[in-house]
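Here are the chains, one letter per residue:
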Amino acid sequence: TSGESRCASTVTQSQRLDNRSNIDKLDTAANCQYITKPIVLSCLMLNARSVKNKLAELHCLIFSNQYDCVFITETWLNNDYPNSMLDPDSVYQIARTDRETRVGGGVCALISRKHHISVTAAGLCTCKNSDVLSFDLHTELSKYRFIVVYRPPDYDVTAHNDALALSKFIENRTIDHHGPVFVVGDINCPSIDYAFSLTAKNRLEQIISDAFNYNGFCQCVLSATRGDNILDIVCTTEPLLVSKTNV
């Protein structure tokens, strides 16, 4: 594979439009208009540990499969690598947050051009070391909000403040949105117990765990993604929309 870990998920939503004016005229089927509109998103998430030396593998993945969204953590990209190098055929819309201050990190999202998206201004997140991007994917009947994050495995004072800023960003982006929210990426929090109590063994990871717990998120990845640990997440406020995940 082209990265250390990979997680694929499918988001499914069935939505209905009912003709409420005919609710009292159910004597004939013609009097009630009932429309079922399935929306299925095929998504891939991977930790690349540098896309720069894996461009051929990336192109094979994104061009041989019809993904709606591809989320990449640890891109290690900078201004020397334009979007055209990631997607030379311009099949996808690309949103990315590169780490400017040091080597490593970075997150990127490739979204099929058949979808309309709006990307959140980068300045809304005040994280210093964690890399975050957020965008909304618009469909006819709903709007999905995605937050892509990479948190390095640090536990110093700066990392503690970063965790607070990340938690606040997740909270703000959740409470001001009236639709499904997904947080995907690599947060390097191996001690969080997603299966039961969403508790962690240290204060920093508990801050992030509380952000998910207090804002109604559910982790959809319950299998280890690196060694024996769950480091990669697909957390959502609407877990019933996720039909399956594969690690």
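An account of the accompanying structure is given in this report. Just so it is clear, the structure is predicted and the values come from calculations on it, not from any experiment.

Rules of the game
- Residues numbered from 1 in each chain as written.
- Predicted model: local features only at pLDDT ≥ 70, side-chain atom pairs only at ≥ 80, totals over all residues.
- Heavy atoms only, no water.
- Helix = DSSP H or I, 4+ residues; strand = E, 2+ residues; numbered from the N terminus.
- Expected span 1.5 Å × (residues − 1).
- Buried < 20%, exposed > 50% of the residue type's maximum accessible area, 1.4 Å probe, protein only.
- Contact = heavy atoms within 4.5 Å.
- Polar contact = N/O pair within 3.5 Å; in protein donor to acceptor, adjacent residues only side chain to side chain.
- 1 Å grid on protein atoms, 1.4 Å probe; cavity = no way out; pocket = protein on both sides within 12 Å on 5 of 7 lines; lining within 4 Å.
- Points joined across faces, edges and corners; volume = space filled by probe spheres on them.
- Nonpolar A, V, L, I, M, F, W, Y, C, P; charged D, E, K, R; others polar.
- Pairing = 2+ DSSP bridges.
- Core = buried A, V, L, I, M, F, W, Y, C linked by side-chain atoms within 4.5 Å.

The terminal C-alpha atoms of helix α3 (residues 157-175), which comprises 19 residues, lie 27 Å apart, in line with the 27 Å expected from a rise of 1.5 Å per residue. Buried residues of α3: Ala159, Asp162, Ala163, Ala165, Leu166, Ser167, Phe169, Ile170, Arg173 and Thr174, and no others. Those residues of α3 that are buried lie in contact with β7 (131-138), β8 (143-150), β9 (181-186) and α4 (203-214). A distance of 3.4 Å separates the backbone nitrogen of threonine 158 from a side-chain oxygen at the start of α3, and that oxygen is part of aspartate 156.

A few words on the side chain of threonine 174. Mapped onto the elements, threonine 174 comes out in helix α3. For threonine 174, a relative accessible area of 10% translates into the label buried.

Before going further, it helps to spend a moment on the layout of surface pockets. Roughly 240 Å³ of internal volume is contained in the largest pocket. Around the largest pocket, the lining comprises 14 residues; the ones closest to its centre are Thr97, Cys127, Lys128, Ser130 and Asp131. Taken together, the residues of the lining of the largest pocket sort by class into four nonpolar, four polar and six charged. Volume-wise, the second largest pocket comes out at about 150 Å³.

Even without a glycine there, the phi angle at arginine 49 is positive, about 50°. Using a relative accessible area of 35% as the deciding quantity, one classes arginine 49 as partly exposed. Phi angles above zero are rare outside glycine, and serine 90 is one such case at about 55°. You can see serine 90 is positioned in the loop between α2 (83-86) and β4 (92-97).

With that settled, consider the pairing of β7. Taken across its eight residues, β7 has seven buried, putting it largely inside the fold. Sheet analysis places strand β6 (residues 116-119) next to β7, joined by four bridges and oriented antiparallel. Residue histidine 116 lies in a different strand from β7, and its bridge partner there is histidine 138. Examined bridge by bridge, β7 and β8 share eight bridges and lie antiparallel to one another. Bridge pairing in β8 links leucine 133 to valine 148. Where β7 hands over to β8, the hairpin turn is made up of four residues, counted between the paired strands.

What follows covers the sheet that holds β9. Strand order in the open sheet made by the six strands is β6-β7-β8-β9-β11-β10, with mixed pairing throughout. Edge positions in the sheet fall to β6 and β10 (218-219), since each has one partner strand and no second.

Further remarks concern the nonpolar core. Residues Val132, Val183, Ile187, Ile208 and Phe212 are the most contacted members of the largest nonpolar core, which totals 27 residues. Take this core: its biggest share by element is six residues, from α3. Excluding its chain neighbours within four sequence positions, the residues that come into contact with isoleucine 187 are Val149, Arg151, Ile192, Tyr194, Ile208, Phe212, Leu231 and Ile233. Judged by nonpolar contacts, the second largest core, of 25 residues, contains Met45, Phe71, Ala109 and Ile111.

Geometry only, nothing functional implied.
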